[in-house]
Amino acid sequence: QVQVMESGGGLVQAGGSLRLSCVLSGKGLRVDAVDWYRQIPGKQREPVAAIASDGVLNYADSVQGRFDISRDTARNTAYLQMNSLQSEDTAVYYCKLKTVSVGDRRRYDYWGRGTQVTVSS
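Residues numbered from 1 in each chain as written. Predicted model: local features only at pLDDT ≥ 70, side-chain atom pairs only at ≥ 80, totals over all residues. Heavy atoms only, no water.

Caption draft 1: Geometry of the overall build of the protein. Across its full length, the protein holds 0 helices and 11 strands. Secondary structure elements of the protein occur, N-terminal to C-terminal, as β-β-β-β-β-β-β-β-β-β-β. Dimensions of the protein, computed from C-alpha atoms along their principal axes, come out at roughly 50 × 25 × 25 Å. Burial statistics for the protein: of 121 residues in total, 40% are counted as buried. For the protein, restricting intrachain contacts to residue pairs at least 6 apart in sequence, the fraction spanning at least 24 positions comes to 56%. With 15 positive and 12 negative side-chain charges, the protein shows a spacing of 6 Å between the two charge centroids. (Helix = DSSP H or I, 4+ residues; strand = E, 2+ residues; numbered from the N terminus. Buried < 20%, exposed > 50% of the residue type's maximum accessible area, 1.4 Å probe, protein only. Contact = heavy atoms within 4.5 Å. Lys, Arg positive; Asp, Glu negative; His and termini not counted. Charge placed at Lys NZ, Arg CZ, Asp CG, Glu CD.)

Caption draft 2: Summary view of the nonpolar core. By size, the foremost hydrophobic cluster in this structure holds 27 residues, and its most contacted members are Trp-36, Phe-67, Leu-80, Met-82 and Tyr-93. For this core, the elements supplying multiple residues, two or more each, are β3 (18–25), β4 (29–39), β5 (46–51), β7 (67–72), β8 (77–82), β9 (91–101) and β11 (115–120). Beyond its immediate sequence surroundings of up to four residues, Leu-80 is in contact with Leu-18, Arg-19, Leu-20, Trp-36, Val-48, Ala-49, Phe-67, Asp-68, Ile-69 and Tyr-93. (Core = buried A, V, L, I, M, F, W, Y, C linked by side-chain atoms within 4.5 Å.)

Caption draft 3: Examining the environment of Gly-8 more closely. Among the secondary structure elements, Gly-8 is positioned in the loop between β1 (3–7) and β2 (10–13). Since its relative accessible area comes to 31%, Gly-8 is described here as partly exposed. Ignoring sequence-local partners within four residues, the contact set of Gly-8 consists of Leu-18, Arg-19, Leu-20 and Thr-115.

Caption draft 4: Geometry of the sheet that holds β3. Overall, antiparallel pairing links the 4 strands, which are arranged β1-β3-β8-β7 in an open sheet. Edge positions in the sheet fall to β1 and β7, since each of these pairs with one other strand and no more. Taking the axes of each pair of neighbouring strands and ignoring which way they run, one obtains an average angle of 15° across the sheet. Across 6 bridges, the pairing between β3 and β8 is antiparallel. Each residue of the ladder has a partner; that of Leu-18, found in β8, is Met-82. (Pairing = 2+ DSSP bridges. Axes fitted to C-alpha atoms, helices over the stretch in contact; angles between N-to-C directions.)

Caption draft 5: The arrangement of the packing of aromatic side chains in detail. Evaluated as defined, the whole model comprises 2 aromatic pairs. Ring geometry for Tyr-37 and Trp-111: centres 5.1 Å apart, planes at 45°, overall tilted. Residue Tyr-37 is found in strand β4, and its partner Trp-111 is found in strand β10 (residues 107–111); the two are separated by 74 residues along the sequence. Exposure remark for Tyr-37: the relative accessible area of 18% places this residue in the buried category. Judged by relative accessible area, Trp-111 falls into the partly exposed class, the value being 38%. (Phe/Tyr/Trp six-rings, centres within 6.5 Å; stacked < 30°, edge-to-face > 60°.)

This is how it looks when you write it as structure tokens:
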């Protein structure tokens, strides 16, 4: 059974930092690429950061220079380091893990359930 566990959200003051983690548990799967999204109530989910299978990084303009995305392929874990947080960063953050089956090389995407990040001004 495949599970995606997110953690690291919470309440932080403006200017502070948080580190989100996203762990895939499931036999025979390898995390290949990662997307992080966030969603504010009443608004569409928006992309925040991505790391492609070749390691190329992409960030939304609003977080460029403040957030860092990374992955640990040995642990099937993705991270989002968020620094200099602002009230505008308050949202539910979701990870999407793009995986490859070790056996048949098929690709599967899995979403985390989301973790709340609240930044107080």
